[in-house]
Amino acid sequence: MAALSDARRLVVKIGSALLVDSRTGALRADWLTSLAADVARIRARGTDVILVSSGSIALGRGVLGLPMTALALEQSQAAAAVGQIRLARAYEEALAPHGIVAGQVLVTLEDSQDRRRYLNSRATMETLLGLGVTPIVNENDTIATDEIRYGDNDRLAAQVAVTIGADQLILLSDVDGLYSANPNIHSDAQHIAKVDKITPQIEGMAGDAGSGLSKGGMITKIMAARVATEAGCAMAITLGSPLHPLTALENGARSTWFAAQTDPQAARKRWIAAMKPRGAVTVDDGAKAALGRGKSLLPAGVTHIAGDFGRGDLVTIKDLTGAQLGQGLIRYTSAEARQIMGHHSADIAAILGYEGRAALVHRDDMVL
């Protein structure tokens, strides 16, 4: 069974009902302070932490005096615009005493469906983590409409975990895990501590356990678990309302762990390998040797570009004899790649007129 103490890269999802008092619409500052202490302790042992947080609409509706019931889309967007400022400031103030810088990342469903946006999101969060920042991710409720919404932050958290290559995802919830039936209705429902594989039987156990402020029920959590575990990320559902909820989980608090079906890197490689190439890149012997040592593909080692492709498309990588070395997601369009091939990465800005990525194909986006 997975253990939180083993996590190398951790995504934690925080629901509105945990962060915002359902009666007053006020922030639960003491709870957030305890969560920040948990995050600081986990980060101190070298684990990357990404927080996926609801709460902007719940906070904004309290400020605007909107009812604690279902809102029209325009009202939700207005509440999010007001609440998002307060949510970001709350995390900033909670993490600052621990010397942690918070960074806000707002996303929509299109950001994961479009490869260019997907790569941008991944690169941004990787850079933030590399700089020691804790990203606070939320759906961009101020502009998202029904057709482009994740609809709940359980699935958003799973998508973030996949995007960033996390090995563990924790859903802090208003329930302490999966039961054989809805425990609020069935007194004989049995708690399930571990799920090795999501089966139709497991899916059938999911009932609607949503609260007034949150959109997600157990069904969405099972959907999130399927996305996460198939991408190599173990997932846990645990009760989030106590103070220091992550510490409680480490100390044995009741939870349900869903086992990862592979590891994140292997899952990503399989995804890349299954895509259809849109072009080809030929590299010289020096670049070929560097790729064999696990390096990224730099423009300087490229001798020829074939095909018409966009940023984020898959390209085949060939050596000077035409033999296929592998394939990867390219970080430039075909037109841009032709301009910078054969040049050092330091020259990209002068050639293209803007700062670009140093690598043409990053090693994390490559299968050899």
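For the structure itself, consult the block above.
Below, the structure is looked at part by part.

Rules used in this analysis
- By convention here, each chain's residues receive numbers from 1 onward along its written sequence.
- In keeping with the predicted nature of the model, local features appear solely for residues at pLDDT of at least 70, side-chain atom pairs appear and are counted solely at 80 or more, and the whole-chain, interface and lining totals rest on all residues.
- The side-chain numbers reported here are obtained from all heavy atoms of the structure, hydrogens and water having been left aside.
- Think of it this way: any DSSP run of H or I at least four residues long counts as a helix, any run of E at least two long counts as a strand, and we number them from the N terminus.
- Only protein chains enter the area calculation, which uses a 1.4 Å probe; residues under 20% of their type maximum are buried, those over 50% are exposed, and those in between are partly exposed.
- Any pair of residues with heavy atoms lying within 4.5 Å of one another is described as a contacting pair.
- The charged-residue count follows a simple rule in which Lys and Arg add positive charge and Asp and Glu add negative charge, with His and chain termini not counted at all.
- The location of each charge is read from NZ of Lys, CZ of Arg, CG of Asp or CD of Glu.
- Strand pairing is assigned whenever DSSP detects at least two bridges linking the two strands.
- Orientation is described by axes fitted as lines to C-alpha atoms, over the contacting stretch for helices, and by angles from 0 to 180 degrees between their N-to-C directions.
- We call two N or O atoms a polar contact when they sit within 3.5 Å, provided that within protein one can donate a hydrogen and the other can accept it, with sequence-adjacent residues counted only if both atoms are side-chain atoms.
- By definition here, a salt bridge exists when the distance from a side-chain nitrogen of Lys or Arg to a carboxyl oxygen of Asp or Glu is within 4 Å.
- Orientation labels follow simple angle bins: below 35 degrees gives roughly parallel, above 145 gives roughly antiparallel, 65 to 115 gives roughly perpendicular, and whatever is left gives oblique.
- Any residue outside Ala, Val, Leu, Ile, Met, Phe, Trp, Tyr, Cys, Pro, Asp, Glu, Lys and Arg is labelled polar, Gly included; the first ten of those are nonpolar and the last four are charged.
- Take the buried Ala, Val, Leu, Ile, Met, Phe, Trp, Tyr and Cys residues and link them wherever side-chain atoms come within 4.5 Å; each set so joined is a nonpolar core.

Helix and strand counts for the protein come out as 14 helices and 15 strands. Along the first, second and third principal axes, the C-alpha atoms of the protein reach 70 × 45 × 40 Å. Counting over 368 residues, the protein shows a buried share of 51%. In the protein, the share of contacts with a sequence separation of at least 24, taken over all contacts with a separation of at least 6, comes to 73%. Here the protein holds 37 positive side-chain charges and 38 negative ones, and the gap between their average locations is 3 Å.

Ordered by their spatial adjacency, 8 strands build an open sheet running S3-S4-S2-S1-S5-S9-S10-S8, and the pairing between neighbours is mixed. Each edge of the sheet is formed by a strand with only one pairing partner; in this case those strands are strand S3 (101-107) and strand S8 (194-195). Direction of pairing for strand S9 (residues 234-239) relative to strand S10 (residues 255-258): antiparallel, over a ladder of 4 bridges. Pairing of Met235 across the sheet is with Phe258, part of S10. Against the sheet, helix H2 (residues 29-44) touches strand S1 (9-14), strand S2 (48-53), strand S4 (133-139) and strand S5 (168-173), its axis set at about 155° to S2. Contacting S1, S2, S3, S4 and S5, helix H7 (residues 153-164) crosses the sheet at an angle of about 165° to S1.

Position of Asp167 among the secondary structure elements: in the loop between H7 and S5. Side-chain polar atoms of Asp167 contact the backbone nitrogen of Arg8, separated by 3.1 Å. The contacts of Asp167, once residues within four sequence positions are left out, are Asp6, Ala7, Arg8, Arg9, Gly232, Cys233, Ala234 and Pro264.

Attention now goes to unusual backbone geometry. At His244, a position not held by glycine, the phi torsion is positive, near 50°. Assignment of secondary structure puts His244 in the loop between S9 and helix H10 (245-250).

One face of the sheet, then the other: side chains in a regular strand alternate in exactly this way. For S1, the tally of buried residues reaches 6 of 6 residues, placing the bulk of the element in the interior. Judged by which residues are buried, S1 turns out to be covered on both faces: Arg9, Val11 and Lys13 on one side and Leu10, Val12 and Ile14 on the other are all buried. In this structure, S1 lies alongside S2, joined through 6 bridges in parallel fashion. Its bridge partner lying in S2, Lys13 is registered against Val52.

Let us look at the pattern of salt bridges. One pass over the structure, following the stated rule, counts 15 salt bridges. Between Asp21 and Arg23 there is a salt bridge whose closest N-O contact spans 3.0 Å. Note that Arg45 is salt-bridged to Glu250, the shortest N-O span being 3.1 Å. Here Arg45, found in the loop between H2 and S2, pairs with Glu250, found in helix H10; they are 205 residues apart in sequence, far enough to count as distant.

It is worth spelling out the sheet that holds strand S14 (residues 324-329) at this point. Sheet architecture is open: 5 strands sit in the order S12-S11-S13-S14-S15, paired in mixed fashion. The open sheet is flanked by strand S12 (302-307) and strand S15 (366-367), the only strands paired with a single partner. Strand direction decides the pairing type here: strand S11 (residues 279-283) and strand S13 (residues 314-318), joined by 4 bridges, are parallel. Note that in S13 the partner of Thr282 across the bridge is Lys318. Packed on one face of the sheet, helix H11 (residues 264-273) meets S13, S14 and S15 and runs near 100° to S14.

A few words on the packing of helix H3 (residues 56-64) against helix H4 (residues 73-95). The packing of two helices is summarised by the inter-axis angle and the distance between the axes. It is at 6 Å that the axes of H3 and H4 come closest, and there the two elements cross at 100°. With respect to H4, the element H3 is oriented roughly perpendicular. Only Ser76, Ala78, Ala79, Ala80, Val82, Gly83, Gln84, Arg86 and Leu87 of H4 make contact with H3, whose side of the interface consists of Ser56, Ile57, Leu59, Gly60, Arg61, Val63 and Leu64. Looking at side-chain class alone, the contact of H3 with H4 contains 9 nonpolar, 5 polar and 2 charged residues.

Turning our eyes to something else, we now look at the nonpolar core. Within the largest apolar cluster, 36 residues are counted, with the highest numbers of intra-cluster contacts made by Val11, Leu169, Leu178 and Phe258. When residues in this core are grouped by element, the largest group, 6 residues, is from H7. Dropping the residues within four chain positions of it, Leu169 is found in contact with Val11, Ala157, Ala158, Ala228, Cys233, Ala234, Met235 and Ala236. Counting residues in each nonpolar core, the second largest holds 33 residues, with Ile14, Leu18, Ala40 and Ile136 among its members.

A word on the environment of Gln75. Inspection of the secondary structure puts Gln75 in helix H4. For Gln75, a relative accessible area of 32% translates into the label partly exposed. Spatially, the C-alpha atom of Gln75 lies 18 Å from that of Asn138, the residues being 63 residues apart in sequence.

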